[in-house]
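Each chain, written out:
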Amino acid sequence: MSGVIVTDPPKAEAKDVEALSGYGVATVSEAMGRTGLLGPHLRPIQQDTRIAGTAVTVLSWPGDNLMIHAAVEQCGEGDILVVTTTSPSSDGLFGELFATALKQRGVRGVIMNTGIRDTSELRELGFPAWSAAVSAQGTVKATGGSVNVPIVIGGQVINPGDVIVADDDGVVVVPREQARRTAEASEARENKEAATRAAFQEGQLGLDRYGLREKLVQFGVTYQSYEEYTRGGDDS
């Protein structure tokens, strides 16, 4: 497998990344029309952590982390390393030493569509990580791959420079060109949810706020007292 290392790809504006960092993965995905999620198989090794940054992408051979070493050189302040393989792999391609090198370069975290290891050390180091598996299985450095090329995780295309947002709920990708628009839509959604939260705190029901009673009628859902229900709704 030959490959390519693309240097200095365009990135989303830092101010747009910062704006998106204020919103959760669910909010950002909803703001994009329920798109961009990389799948429920990517889980955090830590809790109560949210990161946002620009993607440095890696396409590696299964069980081979050579291209992660190459990618470290391409990473800088505010980036998030995003790694997948040419076919499924659960081997531990990433661990504490990689995290140490990336943290020194200002990288905010890693997304691994593979296995990860040294999870205790990563938490102690304060380096956030999301992965498809946790595995102590070691790897080799024997096959070429690519850095900063389009990759696919969970059916979503991730281009270098796209915005990655990750939290306890998972990971979402925001295309670089949509970053500002998505930040604005996320703010609008947050404001709408704040108003709804206040209404719920005052006792309003979702059935009424969202106009769902009409849907119950539309779908033929009826109300019955317990007595009616237990006798089969037969009043005769």
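Cut-offs and rules
- Residues numbered from 1 in each chain as written.
- Predicted model: local features only at pLDDT ≥ 70, side-chain atom pairs only at ≥ 80, totals over all residues.
- Heavy atoms only, no water.
- Core = buried A, V, L, I, M, F, W, Y, C linked by side-chain atoms within 4.5 Å.
- Buried < 20%, exposed > 50% of the residue type's maximum accessible area, 1.4 Å probe, protein only.
- Helix = DSSP H or I, 4+ residues; strand = E, 2+ residues; numbered from the N terminus.
- Contact = heavy atoms within 4.5 Å.
- Patch = residues over 30% accessible without salt bridge, like charges linked within 9 Å, V, L, I, M, F, W, Y side chains within 5 Å.
- Areas by Shrake-Rupley, 256 points an atom, 1.4 Å probe, with all protein chains shown as cover.
- Salt bridge = Lys/Arg side-chain N within 4 Å of Asp/Glu carboxyl O.
- Lys, Arg positive; Asp, Glu negative; His and termini not counted.
- Charge placed at Lys NZ, Arg CZ, Asp CG, Glu CD.
- Pairing = 2+ DSSP bridges.

Notes on the nonpolar core
Then step 1. In terms of nonpolar packing, the biggest core is built from 24 residues, with I68, L81, F94, L102, V110, M112 and I116 touching the most fellow members.
Then step 2. For this core, the secondary structure elements donating two or more residues are β2 (51-60), α3 (66-74), β3 (79-85), β4 (92-94), α4 (96-104) and β5 (109-116).
Then step 3. If one sorts the elements of this core by residue count, α3 sits on top with five residues.
Then step 4. For F94, the contacting residues outside a window of four places in its chain are I68, L81, A99, L102, V110, M112, G115, I116, R117, L122 and F127.
Then step 5. Counting residues in each nonpolar core, the second largest holds 16 residues, with L38, I51, V149 and I153 among its members.

Structural notes on a negative patch on the surface
Then step 1. Residues E96, D118, E121 and E124 make up a contiguous surface patch of negative charge.
Then step 2. One can find D118 in the loop between β5 and α5 (119-125).

Re the pairing of strand β10 (residues 163-167)
Then step 1. Most of β10 sits out of view: five of its five residues are buried.
Then step 2. Of the two faces of β10, the one lined by V163, V165 and D167 and the one lined by I164 and A166 are each fully buried.
Then step 3. With four bridges joining them, β2 and β10 adopt antiparallel strand pairing. Bridged to A52 within β10 is V165.
Then step 4. Bridge count for β10 against strand β11 (residues 170-174) is five bridges, and the pairing is antiparallel. Opposite D167, over in β11, you have G170 as the bridge partner.
Then step 5. Taking the residues between adjacent antiparallel strands as the criterion, β10 and β11 are bridged by two residues.

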